[in-house]
Amino acid sequence: MHRVTIQPDSRSVEVRAGERLLSAAWKAGAGIKSVCGGRGKCGSCVVEVDALADAALSAPTDTERELLPEHPQGGRYRLACMCEVLGDVSISVPPESQAVRSAPRKPHTVTPVTARPLASRLTLMVDAASSQPPRSLTTRIAQAAAKALGRREVDLPLEVISDYSAIEGFDGVRELTATVFRERRLIQILPGRHERVCGVAVDIGTTSFVVFLCDLSRGEILAMRTAGNPQAIYGEDVVSRMTHIQQDPSALGAMRTLLVDDINRLIAEACAECSVAPQDVVDAVLVGNPTMQHILLGISPESLGRGPYLPVWSQGADVEAAALGLAIAPRARAFVFPMVSGYIGGDTLAALLTRGADFYRGTQLLVDVGTNGEVVLSHEGKLTATSCATGPVYEGAHIRCGVRAAPGALERVWVEPGGAIRWAAIPDEGDRTDRRPIGLCGSGVISCVAAGVGAGLIGTDGALAPAEKHAKLRASESGRSAELVLVAAPFSRTGRDIVLTQQDIRAVQLGKSALRCGIEILLAESGVTRVDRIYLAGTFGNHLDPEEILSIGLVPPVPVENVRSIGNAAGDGARMALFNRHHRSRAVSLARRLDVLELSGRADFQDLFVTHTGLTSMAENPFA
């Protein structure tokens, strides 16, 4: 075994000889970006090593050398996914290579929900053992619970009594607390009085996830925790993770363990913050895209990546939380949302739960932009959905200076009338001593492209203007502009220029066109030529500027005031289902009601794709 120490967090872990640095870093809790999933293709997992550590790492291959950037101070870089650990080693992860494990921005709304949870608590006075007629303790508890609930009988499983019997002096306690599920089934018995009853709602995204600890009786959020999805070691997108599982079936269990362990860590942190005992967390609701839900349930998602792109399990699940590995009350329940298709999952259904009656009048679009774009059209009450492979560009991946939405990331860029390029970065609430930026997050990339087009630095065809157009345009060896310098090296935290490259713009165009084409085909199939309102869901969508996305044609033209960000709607919907049983039934009903339009293999998609690569809001709609 060899020890790997990772800076700047001073984390360390022991690994076996031959294990990759990338895997070691995630085991230590220090995330490193891996756009390609550790296959040595993207060059995003750059780490810095001491020259003396050469013997502790495998020698670089020719492929690795080609991907390595030049070190500004003459130091030594390596790619974490291609280095095998051969001895004790210490590495440093540059800011631009750091994957966010604690995602700082997961917006949520506080929509009032009538509390009618499936789990509740009863305080019971149980007859003494000497009472007549003689009855077993189980019978006396069941009769007390039935009386309190106004029922003839209740379901008291053997395993619940078994759990209770492990408590010292259990058979002499008269006052008990019973946790009741669906007003009939007892899932927990505790000695004494325990009034607090809590649950957790979890939204599992490809990039990050969020955990809400909630008071079920009051319908209130007690605490929220977020983290980057640790499965990123296997790739930034779901296709990369499917590929890993296909090549190595054991990767399914590894991915599931990574995710569940992190969810449990966040639950424990949230409980500690609010002085909530794990035994008081008795219900859980979990949502995610189909790949994330398959992995959570321990089901291989391979079929989602090949035609006809169908889920293995679409019904969702209503099981004991322990079956999913959740470290809450031993017999707590867990509800996983149903799935509609291979790419329309519980997260989309949860987002739909947040829409009121107005969403079903006229023509409305719900758009969740991320590594995969989901779009739901509501036209005169009929729901139709589709998904678009936008790629991870909107999360900052595949961008030269791309980073996640973390402190120091440029989130907005604009060009002043005199030509000066200005920017705003996500603030670091904890450290205000270094305000220098580290790179471009997804919303910053969109903002930069929109600003560049508006100022004439980028053509509507996506081409950078000639270098003489602006002092910040930098020419390549061929003489054509290759990049736009946003922040010069002395003013960045990385010590290198933060730039937007021609290749970055092309990546934005590809993602933009994929999403817009999906929307246009969805509208055409439904006979729609005009959209009344657009709702932007998800963390990324919440930070997009409506004017900017309309200006480059990311969505169909509507009045800017009719584009509304609704935050992390998937997380909001998960909480609604946690607080009120009615919304679980609604989710199941929506899954049956939602029609899905499959885009794969459609010839018109390719034709439209070229049309919508242009960065303009006025791209002709062939269906209008």
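Residues numbered from 1 in each chain as written. Predicted model: local features only at pLDDT ≥ 70, side-chain atom pairs only at ≥ 80, totals over all residues. Heavy atoms only, no water.

*Asks:* Just to check I follow, could you spell out the overall build of the protein for this structure?
*Replies:* Helix and strand content of the protein: 15 helices and 26 strands. Scaling as 2.2 N^0.38, a compact globule of 624 residues should have a C-alpha radius of gyration of about 25 Å, and the protein matches this with 27 Å. By its C-alpha atoms, the protein is 100 × 65 × 45 Å across when sized along the principal axes. Out of the 624 residues in the protein, the part that is buried amounts to 56%. (Helix = DSSP H or I, 4+ residues; strand = E, 2+ residues; numbered from the N terminus. Rg over C-alpha atoms; globule rule 2.2 N^0.38 Å. Buried < 20%, exposed > 50% of the residue type's maximum accessible area, 1.4 Å probe, protein only.)

*Asks:* Looking at this model, I keep getting lost on the packing of helix α5 (residues 238-247) against helix α6 (residues 250-274). Mind explaining?
*Replies:* One way to put it is that α5 packs onto α6 with a least axis distance of 6 Å and a crossing angle of 130°. When the axis of α5 is compared with that of α6, the two are oblique. The segment α5 lies against α6, with Arg-241, His-244 and Ile-245 engaging Ala-251, Leu-252 and Met-255. Looking at the contact of α5 with α6 residue by residue, the class counts come to four nonpolar, one polar and one charged. (Axes fitted to C-alpha atoms, helices over the stretch in contact; angles between N-to-C directions. Parallel < 35°, antiparallel > 145°, perpendicular 65-115°, else oblique. Contact = heavy atoms within 4.5 Å. Nonpolar A, V, L, I, M, F, W, Y, C, P; charged D, E, K, R; others polar.)

*Asks:* In this structure, what is going on with the nonpolar core? I would like to understand it.
*Replies:* Generally speaking, a soluble globular protein has its nonpolar side chains buried in company with each other. Counting residues in each nonpolar core, the largest one holds 116 residues, and the members touching the most others are Leu-21, Leu-213, Leu-286 and Phe-337. Per-element accounting of this core gives the leading share, eleven residues, to α6. Core analysis: the second largest hydrophobic core is formed by 59 residues, Val-367, Val-445, Ile-521 and Phe-609 among them. (Core = buried A, V, L, I, M, F, W, Y, C linked by side-chain atoms within 4.5 Å.)

*Asks:* When you look at the packing of helix α8 (residues 346-353) against helix α14 (residues 581-593) in this model, what are you seeing that I'm missing?
*Replies:* In a packed pair of helices, the relevant descriptors are the angle between the two axes and the axis-to-axis distance. α14 packs onto α8 with a crossing angle of 120° between their chain directions and a minimal axis gap of 10 Å. Here the hand of the crossing between α8 and α14 comes out right-handed. Taking contact as the criterion, the partners of Leu-349, Leu-352 and Leu-353 in α8 are, on α14, His-583, Arg-586, Ala-587, Leu-590 and Ala-591. (Left-handed = near helix turned anticlockwise from the far one by under 90°.)

*Asks:* Mind showing me how you'd approach the pattern of salt bridges here?
*Replies:* Oppositely charged side chains may form a pair once their charged atoms are brought near each other. Taken as a whole and judged by the stated rule, the model has 32 salt bridges. Asp-595 is the partner of Lys-382 in a salt bridge, and the nearest nitrogen-oxygen pair spans 2.5 Å. Placement of Lys-382 in strand β17 (residues 382-388) and of Asp-595 in strand β26 (residues 595-596) is noted, with a sequence separation of 213 residues between them. Residue class for Lys-382 comes out partly exposed when judged on its relative accessible area of 46%. When the shortest N-O distance is used, the salt bridge between Asp-532 and Arg-530 registers 2.7 Å. You can call Asp-532 partly exposed: its relative accessible area is 26%. By relative accessible area, which is 57% here, Arg-530 ends up exposed. Residues joined by salt bridges that share partners form a network here, namely Arg-225, Asp-262, Arg-265, Glu-269 and Glu-273. (Salt bridge = Lys/Arg side-chain N within 4 Å of Asp/Glu carboxyl O.)

*Asks:* Can you walk me through unusual backbone geometry in this structure?
*Replies:* Backbone phi values are negative for most residues with the exception of glycine, while trans is the configuration of most peptide bonds. Pro-133 follows Gln-132 through a cis peptide bond whose omega is -5°. Positionally, Pro-133 belongs in the loop between β6 (119-125) and α3 (137-149). The residue after Gly-307, namely Pro-308, is reached through a cis peptide bond having omega 5°. With phi around 55°, Glu-380 is a residue other than glycine that occupies positive phi space.

*Asks:* For this particular structure, what's the right way to read the environment of Cys-517?
*Replies:* Note on placement: Cys-517 falls in helix α10 (residues 502-525). Judged by relative accessible area, which is 0%, Cys-517 ranks as buried. Separated by 321 residues in sequence, Cys-517 and Arg-196 have C-alpha atoms that sit 49 Å apart. Those residues within four positions of Cys-517 in sequence are excluded, and the remaining contacts are Phe-605, Leu-608, Phe-609 and His-612.

*Asks:* Teacher, can you tell me more about α3 here?
*Replies:* Along an α-helix, a turn takes 3.6 residues, which lines up residues three or four apart on a common side. With 13 residues, α3 should cover 18 Å at 1.5 Å per step; its first-to-last C-alpha distance of 18 Å lies within 8% of that length. Against the buried residues of α3 lie β6, α4 (158-165), β7 (175-181) and β8 (185-191). (Expected span 1.5 Å × (residues − 1).)

*Asks:* Explain the sheet that holds strand β18 (residues 409-415) here, please?
*Replies:* The strands making up a sheet associate through hydrogen bonds between their backbones, and the pairing can be parallel or antiparallel. In space, the three strands of this open sheet follow the order β19-β18-β20, with mixed pairing throughout. Looking at the sheet topology across the chains shown, the edges are occupied by β19 (421-425) and β20 (439-440). When β18 meets β19, the two strands line up antiparallel, connected through five bridges. Bridge assignment links Arg-412 to a residue of β19, and that residue is Ala-424. Across the sheet, helix α9 (residues 442-454) touches β18 and β20, and the angle it forms with β18 is around 10°. (Pairing = 2+ DSSP bridges.)

*Asks:* It is not clear to me how the sheet that holds strand β12 (residues 281-288) should be interpreted in this structure. Could you clarify?
*Replies:* Taken together, six strands build an open sheet; the order of strands is β11-β10-β9-β12-β14-β13 and the sheet is mixed. The outermost strands of the open sheet, each flanked by one partner alone, are β11 (220-228) and β13 (317-320). Direction aside, the axes of adjacent strands within the sheet are offset by 15° on average. In terms of strand pairing, β12 meets strand β14 (residues 333-336) through four bridges, oriented parallel. Of the residues in β14, the one forming a bridge with Ala-284 is Ala-334.

*Asks:* For this particular structure, what's the right way to read the side chain of Arg-121?
*Replies:* Its place among the elements puts Arg-121 in strand β6. A polar atom in the side chain of Arg-121 sits 3.0 Å from the side chain of Thr-179. Polar contacts involving the side chain of Arg-121 include one to the main-chain carbonyl oxygen of Gln-279, which spans 3.1 Å. With residues up to four places along the chain from it excluded, the contact list for Arg-121 reads Thr-177, Ala-178, Thr-179, Gln-188, Leu-190, His-194, Arg-196, Val-197, Gln-279, Asp-280 and Val-282. (Polar contact = N/O pair within 3.5 Å; in protein donor to acceptor, adjacent residues only side chain to side chain.)

*Asks:* Looking at this structure, I do not really get the confidence of the model for the protein. What am I missing?
*Replies:* In low-pLDDT segments, the atomic positions of the prediction should not be examined closely. Overall, the predicted model of the protein reaches an average pLDDT of 88, with 93% of residues at or above 70. Long-range and interchain partners of residues 619-624, a stretch whose pLDDT sits below 50, account for twelve contacts in this model, where long-range means more than four residues apart. (pLDDT = per-residue confidence, 0-100.)

*Asks:* Is there a simple way to explain the side chain of Arg-140 in this structure?
*Replies:* Secondary-structure assignment places Arg-140 in helix α3. An unpaired buried charge is present at Arg-140: no salt bridge exists, and Asp-127, the closest side chain of opposite charge, is 6.8 Å distant. In terms of polar contacts, Arg-140 uses its side chain to reach the backbone carbonyl oxygen of Asp-127, at 2.8 Å. Setting aside residues up to four positions removed in sequence, Arg-140 forms contacts with Val-126, Asp-127, Ala-128, Ala-129, Ser-131 and Arg-135. (Lys, Arg positive; Asp, Glu negative; His and termini not counted.)

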